[in-house]
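Below are the chains, spelled out letter by letter.
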Amino acid sequence: MTDPTPAERSTSSGPPALALGVILVVVGLVLFLGQLLDIGIGDIGIGDIGWPFFVIAIGLVLLVLGLSVVRETGLIVGGTVVTVVGLVLFYQHRTDHWESWAYAWALVGPAASGLGLALSGIRFRDGGDVRRGTWGMLGGLALFAIGFLFFEGVIGISGERLPFADWVLPVAVIVIGAVLLARGLMQRRDHAAP
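This is a predicted model, so every value here is computed, not measured. (Residues numbered from 1 in each chain as written. Predicted model: local features only at pLDDT ≥ 70, side-chain atom pairs only at ≥ 80, totals over all residues. Heavy atoms only, no water.)

**Comments concerning the overall build of the protein chain**
Rules: The helix and strand labels rest on DSSP assignments: H or I over at least four residues marks a helix, E over at least two residues marks a strand, and numbering proceeds from the N terminus. Only protein chains enter the calculation, and the probe is 1.4 Å; a residue is then buried if its accessible area is under 20% of its type maximum, exposed if over 50%, and partly exposed in between. The contact definition used throughout considers only heavy atoms, calling two residues in contact when any of these lie within 4.5 Å. Each accessible area value is a Shrake-Rupley result obtained with a 1.4 Å probe; residue values ignore everything except the protein chains displayed when judging cover.
Within the protein chain, the secondary structure is distributed over eight helices and zero strands. Beginning at the N terminus, the succession of helices and strands in the protein chain can be written as α-α-α-α-α-α-α-α. With 194 residues in all, the protein chain has 30% of them scored as buried. Relative to all contacts within the protein chain whose residues are 6 or more apart in sequence, the contacts with residues 24 or more apart total 60%. In the form shown here, the protein chain has an accessible surface area of approximately 11,700 Å², with 72% of it arising from carbon and sulfur atoms.

As structure tokens, then:
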């Protein structure tokens, strides 16, 4: 069996819907059996980990299905995003640092979807997706770093400012801007070359 082409991966909607349907039915049955048998979350040790475990688990299932069973880019990206959402929620649940959503969204949106696209590109041997995904992931990480420096270092959203020197945020923004500028110039040069 050969790997689907990018066009075939983007147009196939049946298999991902079927896989997601199977996952939801299985999760629902497990929850229903847990109620019938009076098995609580705390009884199976998941209560110690916290409810974000369920989000992480669902994300990992979607990611594995996308990479191996269904072989669908959308499922890979979706699974990566859901897994990262679960990891951020796990951190926030354990630390009670919910205000970090002010900048943690950058890990979920651009960084996680970029990672998912890069993983899909690796899986399906598509260098364009690897490149686009890597840049998306790096862009998301840069936004996260700037947000962290601003919200934790300048504003002190958690209640206390981090002890950064005043020059750290502007230098970080300049460095990230220079990298993005260099990338834009390289892309422009690549598109202009015959």
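That was the structure; now back to the text.
**Concerning the pattern of salt bridges**
Rules: The salt bridge criterion pairs a side-chain nitrogen of Lys or Arg with a carboxyl oxygen of Asp or Glu, the two atoms within 4 Å.
Counted according to the given criterion, the structure contains one salt bridge. The residue Asp-129 makes a salt bridge to Arg-132 at a minimum N-O spacing of 2.6 Å. Pair noted here: Asp-129 and Arg-132 are both in helix α7 (residues 127-155), with a separation of three residues, about one helical turn.

**Structural notes on the packing of aromatic side chains**
Any pair of aromatic rings gets described here by the distance separating the centres and the angle formed by the planes. Selection criterion: Only centres within 6.5 Å qualify two rings of Phe, Tyr or Trp (six-membered ring in Trp) as a pair; their planes then separate them into stacked at under 30 degrees, edge-to-face at over 60, and tilted for everything else.
The full count for this structure, using the stated rule, is six aromatic pairs. Between Tyr-103 and Phe-148 the ring centres are 5.8 Å apart and the planes differ by 75°, which places this aromatic pair in the edge-to-face class. One end of the pair, Tyr-103, is in helix α6 (residues 101-123); the other, Phe-148, is in helix α7, and 45 residues separate them in sequence. Overall, Tyr-103 belongs to the buried group, its relative accessible area being 4%. Residues Tyr-103 and Phe-151 carry aromatic rings whose centres are separated by 6.3 Å and whose planes lie at 20° to one another, so their mutual orientation is stacked. Of this pair, Tyr-103 sits in helix α6 while Phe-151 sits in helix α7, placing them 48 residues apart in sequence.

**So, the confidence of the model for the protein chain**
This is how the line gets drawn: The predictor attaches a confidence to each residue, and that confidence, scored 0 to 100, is pLDDT.
The pLDDT averaged across the protein chain works out to 81; a share of 76% of its residues lies at or above 70. Taken element by element, the protein chain is modelled with least confidence in helix α1 (residues 6-11), mean pLDDT 49, and with most confidence in α6, mean pLDDT 94.

**Some words on the side chain of His-97**
With respect to the helices and strands, the residue His-97 is situated in the loop between α5 (73-95) and α6. Given the relative accessible area of 11%, His-97 is considered buried.

**Brief notes about the packing of α5 against α6**
The criterion, for reference: Angles run from 0 to 180 degrees between N-to-C directions of axes, and those axes are lines fitted to C-alpha atoms, restricted for helices to the stretch in contact. Take the far helix as your reference; a near helix turned counterclockwise from it by less than a right angle gives a left-handed crossing, and one turned clockwise gives a right-handed crossing. When residue character is reported, Ala, Val, Leu, Ile, Met, Phe, Trp, Tyr, Cys and Pro are called nonpolar, Asp, Glu, Lys and Arg charged, and the others, Gly included, polar.
Interhelical geometry of α5 versus α6 gives an angle of 150° and a closest axis separation of 8 Å. Judged by the sense of rotation from one axis to the other, the crossing of α5 with α6 is right-handed. Where α5 abuts α6, its residues Thr-73, Ile-76, Val-77, Thr-80, Val-81, Val-84, Val-85, Val-88, Leu-89 and Gln-92 lie against Trp-101, Ala-104, Leu-107, Val-108, Ala-112, Ser-113, Leu-115, Gly-116, Leu-117, Leu-119 and Ser-120. Residue composition of the contact of α5 with α6, grouped by class: 15 nonpolar, six polar and no charged.

**A word on the nonpolar core**
This is how it is decided: Only buried residues count toward a nonpolar core, which is a set of Ala, Val, Leu, Ile, Met, Phe, Trp, Tyr and Cys residues joined through side-chain atoms within 4.5 Å.
With five residues, the main nonpolar core is built from Val-84, Val-88, Ala-104, Val-108 and Ala-112. Listing elements by their share of this core, those giving two or more residues are α5 and α6. The element that contributes the greatest number of residues to this core is α6, accounting for three residues. Those residues within four positions of Val-108 in sequence are excluded, and the remaining contacts are Val-81, Val-84, Val-85, Val-88, Trp-101 and Ser-113.

**Focus on a nonpolar patch on the surface**
What counts here: Here, patches come from residues exposed beyond 30% relative accessible area and free of salt bridges, joined within 9 Å for like charges and within 5 Å for nonpolar side chains (Val, Leu, Ile, Met, Phe, Trp, Tyr).
Taken together, the side chains of Trp-51, Phe-53, Phe-54, Trp-98, Trp-101, Trp-105 and Leu-143 make up a nonpolar region of the molecular surface, amounting to roughly 650 Å² of accessible area. Mapped onto the nonpolar patch, the elements with two or more residues apiece are α4 (52-69) and α6. Mapped onto the fold, Trp-51 is located in the loop between α3 (46-49) and α4. You can call Trp-51 partly exposed: its relative accessible area is 42%.

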